[in-house]
Amino acid sequence: MDACSGVDIELDKVQAKFTAIRQSSIPGIDEVLQVLEAMKSDLQRNAALVESEEMGTATLSSEQKLSLKLAATKAKDTASKVSQQHRDVHPAISRLGKVIDRVFTQDFNVINCPESLEGPDKTSKVVEAIMEHLYRQGLLEVAHRLAEEAHVQVKAEKSLPFLEMNSVLQSLADKNVQPALQWAEKHRKQLEERHSHLEYKLHKLQFLELLKQCPENTRALLEYSRKFQNFRSTEQIKDIQKLMGCLLFLNYGIDRSPYRDLVNQDLWMDVGETFTKDACALMGLSMESPLTVCLKIGCKAIPVLLNLKTMMVQQHVGEIWTSSKTELPIEIDVSPEHLYHSRFTCPILRQQSTEKNPPMRLNCGHVISKEALARLAISTKYKSQLRSLESSKVKCPYCPSEQIPSDAKRLFL
Ligand SMILES: [Zn+2]
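Given the structure is predicted, the values throughout are model-derived calculations rather than measurements.

Reading the values: rules and limits
Residues numbered from 1 in each chain as written. Predicted model: local features only at pLDDT ≥ 70, side-chain atom pairs only at ≥ 80, totals over all residues. Heavy atoms only, no water. Pairing = 2+ DSSP bridges. Helix = DSSP H or I, 4+ residues; strand = E, 2+ residues; numbered from the N terminus. Core = buried A, V, L, I, M, F, W, Y, C linked by side-chain atoms within 4.5 Å. Buried < 20%, exposed > 50% of the residue type's maximum accessible area, 1.4 Å probe, protein only. Contact = heavy atoms within 4.5 Å. Donors = N, O, S within 2.8 Å, 3.2 Å for Na, K, Ca; no water. Tetrahedral: all angles 85-135°; square planar, octahedral: opposite > 155°, others 65-115°. Axes fitted to C-alpha atoms, helices over the stretch in contact; angles between N-to-C directions. Parallel < 35°, antiparallel > 145°, perpendicular 65-115°, else oblique. Nonpolar A, V, L, I, M, F, W, Y, C, P; charged D, E, K, R; others polar. Phe/Tyr/Trp six-rings, centres within 6.5 Å; stacked < 30°, edge-to-face > 60°. Expected span 1.5 Å × (residues − 1). Bend = angle between axes of the 7 residues up to and from the residue. Salt bridge = Lys/Arg side-chain N within 4 Å of Asp/Glu carboxyl O. Left-handed = near helix turned anticlockwise from the far one by under 90°.

### Regarding the sheet that holds strand β5 (residues 409-410)
Phase 1: Strand order in the open sheet formed by three strands is β2-β1-β5, and the pairing between neighbours is antiparallel. This sheet does not close on itself; its edge strands, each paired only once, are β2 (367-369) and β5.
Phase 2: Sheet topology note: the strand β1 (residues 359-361)/β2 ladder contains three bridges and is antiparallel. Bridge pairing in β2 links Met-360 to Ile-368.

### Description of the nonpolar core
Phase 1: Leu-172, Leu-202, Leu-211 and Phe-275 are the most contacted members of the largest nonpolar core, which has 34 residues in total.
Phase 2: Of all the elements in the fold, those that place two or more residues in this core are α5 (156-173), α6 (178-186), α8 (198-213), α9 (218-225), α10 (234-246), α11 (260-264) and α12 (267-282).
Phase 3: With seven residues, the top contributor of residues to this core is α8.
Phase 4: Once you skip the residues sitting within four places of it in the chain, Phe-275 turns out to touch Met-165, Val-168, Leu-169, Leu-172, Trp-183 and Leu-198.
Phase 5: Grouped together as the second largest cluster of nonpolar side chains are 14 residues, Phe-344, Cys-346, Leu-373 and Cys-399 included.

### Brief notes about the coordination of the zinc ion
Phase 1: Around the zinc ion, the protein contributes the donor atoms Cys-364 (SG), His-366 (ND1), Cys-396 (SG) and Cys-399 (SG), which lie 2.1 to 2.3 Å from the metal centre.
Phase 2: Here the zinc ion is ringed by four donor atoms whose angles at the metal span 104 to 113 degrees, and the overall shape comes out tetrahedral.
Phase 3: Counting along the primary sequence, the residues that act as donors to the zinc ion give the motif C-x1-H-x29-C-x2-C. With His-366 in the loop between β1 and β2 and Cys-399 in the loop between β3 (394-395) and β4 (402-403), this pair connects stretches of sequence that are 33 residues apart.
Phase 4: In this structure Cys-399 comes out as buried when scored by relative accessible area, which is 17%.

### Comments concerning the packing of α5 against α12
Phase 1: In contact at an axis separation of 10 Å, α5 and α12 are set at 170 degrees when each is read in the N-to-C sense. Taken as axis vectors, α5 and α12 run roughly antiparallel relative to one another. Listed contacts from α12 to Met-165, Val-168, Leu-169 and Leu-172 of α5 are Trp-268, Val-271, Gly-272, Phe-275, Thr-276, Ala-279 and Cys-280.
Phase 2: Its residues assigned to classes, the contact of α5 with α12 comprises nine nonpolar, two polar and no charged.

### Brief notes about the packing of aromatic side chains
Phase 1: Counting across every chain of the model gives seven aromatic pairs.
Phase 2: Their ring planes at 25 degrees and their centres at 5.4 Å tell us that Tyr-135 and Phe-162 sit as a pair that is stacked. Linking Tyr-135 in helix α3 (residues 120-136) with Phe-162 in helix α5, this pair joins segments that are 27 residues apart in sequence. Here Tyr-135 and Phe-162 have matching classes, each one buried.
Phase 3: Relative to Phe-275, the ring of Trp-183 has its centre 4.9 Å away and its plane inclined at 80 degrees; by these criteria the two rings are edge-to-face. Residue Trp-183 is found in helix α6, and its partner Phe-275 is found in helix α12; the two are separated by 92 residues along the sequence. The burial state of Trp-183 is the same as that of Phe-275; both residues are buried.

### Focus: the environment of Ala-150
Phase 1: Examined against the element boundaries, Ala-150 turns out to sit in the loop between α4 (140-149) and α5.
Phase 2: It is 7.4 Å that separates the C-alpha atoms of Ala-150 and Val-127, two residues lying 23 residues apart in sequence.

### Remarks on helix α13 (residues 290-314)
Phase 1: Helix length check: α13, at 25 residues, gives a terminal C-alpha distance of 35 Å against a target of 36 Å (1.5 Å per residue), a fit within 8%.
Phase 2: Along α13, the sharpest kink reaches roughly 30 degrees, centred on Cys-299 and followed within four residues by the proline Pro-303.
Phase 3: For α13, the set of buried residues is Val-293, Ala-301, Leu-305, Leu-306, Leu-308, Lys-309 and Met-312.
Phase 4: Once α13 ends, the next one or two residues include His-316, with phi positive near 55 degrees.

### Considerations on the pattern of salt bridges
Phase 1: By the definition in use, this model includes 17 salt bridges.
Phase 2: In this structure, the salt-bridge partner of Glu-10 is Lys-13, at a minimum N-O distance of 3.5 Å. With Glu-10 and Lys-13 both in helix α1 (residues 2-53), this residue pair falls three residues apart, about one helical turn.
Phase 3: Judged by relative accessible area, Lys-13 falls into the partly exposed class, the value being 40%.
Phase 4: The partner of Glu-355 in a salt bridge is Arg-410, and the shortest N-O contact between them spans 3.5 Å. Taken together, the residues Glu-355 in the loop between α13 and β1 and Arg-410 in strand β5 connect sequence positions 55 residues apart.
Phase 5: Its relative accessible area of 65% is what places Glu-355 among the exposed residues.

### Overview of the packing of α3 against α4
Phase 1: Where α3 contacts α4, the two axes come as close as 8 Å, and the packing angle between them is 165 degrees. Between α3 and α4, the angle falls in the class roughly antiparallel. Crossing of α3 over α4 shows left-handed handedness. Here Val-127, Ile-130, Met-131, Leu-134 and Tyr-135 of α3 come into contact with α4, specifically with Leu-140, Val-142, Ala-143, His-144, Leu-146 and Ala-147.
Phase 2: Classifying every residue of the contact of α3 with α4 gives 10 nonpolar, one polar and no charged.

See the structure below:
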């Protein structure tokens with residue numbers, strides 16, 4: 001964002017210069033054009049007069065000569081002024097180019113780890129992620145072509161739910177709620193379990209559409225309002241009261257009533273989002289495709305990693321991040337919706353837990369990593385001169401309690 005605002009400032013300067021040039025030169029150019037046009041028609045009139053009266057060659061009067069001379073001088077001055085202003089804008093344009101080069105043209109190769117995506121397993125995972133993204137976009141044909149070309153086997157049933165989802169979304173884009181309503185009725189039980197407001201929102205939308213299209217048809221509106229009797233949450237009841245309030249202003253015009261906000265809201269987009277969220281949740285999927293999430297997090301991570309790499313080069317620090325390491329060398333601050341699971345950092349080793357080094361809960365309730373526990377057991381063994389690791393008790397590093405290492409339980413976060 002900082003980079004964008006830096007470019008924005010320079011761009012504003014260039015635009016301000018262009019606006020200033022336009023404002024100062026256009027009246028001058030117009031003036032010269034007007035003088036020249038007037039002179040041209042004057043000369044043409046003169047030539048016509050000469051021809052009709054057969055006076056021989058046309059000559060210019062001293063007055064005409066003078067105004068021609070003046071016009072030529074003015075045109076020359078204006079041209080030189082415009083060209084000077086044009087030259088003045090060049091430094092600003094070149095500065096803008098330099099700022100763009102500095103902040104956007106990065107050498108991403110320094111943080112690229114192509115080997116982390118190599119291997120048939122990883123390639124097929126990448127292809128699957130792209131395909132899932134394409135399914136969500138409704139681009140099923142493209143997804144299938146990709147699977148064919150990448151020789152990845154995908155079960156047909158995987159794309160079916162997306163097919164239905166996209167056809168419903170398309171109807172919502174065409175302002176038709178019926179397919180979405182049918183879907184919501186079909187999945188009513190699961191939606192209720194999720195406390196979803198989708199079905200209510202769809203009925204509300206349909207009611208408001210009726211209200212907008214034929215406000216004179218009170219009967220149809222009242223008829224449709226019966227659909228609301230099944231929605232009884234406090235929030236919905238309040239909203240329904242407002243919808244009913246609209247009916248009082250049918251003759252007066254909703255746009256001029258205190259309820260005008262209801263019809264002016266962009267509810268179609270909101271309903272589309274609610275539907276996508278619910279449909280994805282029922283399919284056991286996140287609302288955003290994994291590829292979108294990767295892209296969003298990548299956009300946040302890349303500038304941080306590039307800065308880190310620059311600092312490492314400046315400080316002559318060796319390689320601390322390679323594809324063999326599964327964690328990043330620095331914490332990336334991502335938005336809360338992209339935090340998926342808790343992490344455990346061992347207080348002894350100051351390392352994040354991994355599959356090989358999971359968190360272990362001691363009997364006293366304190367948690368340390370498996371590796372820290374093993375090191376503790378070894379040091380206790382040396383201290384106590386005991387032969388068996390199993391029989392030696394380790395003392396918790398945080399409280400006086402003791403226990404046999406094998407009694408510690410693995411924690412799954
Ligand atoms: Zn303890």
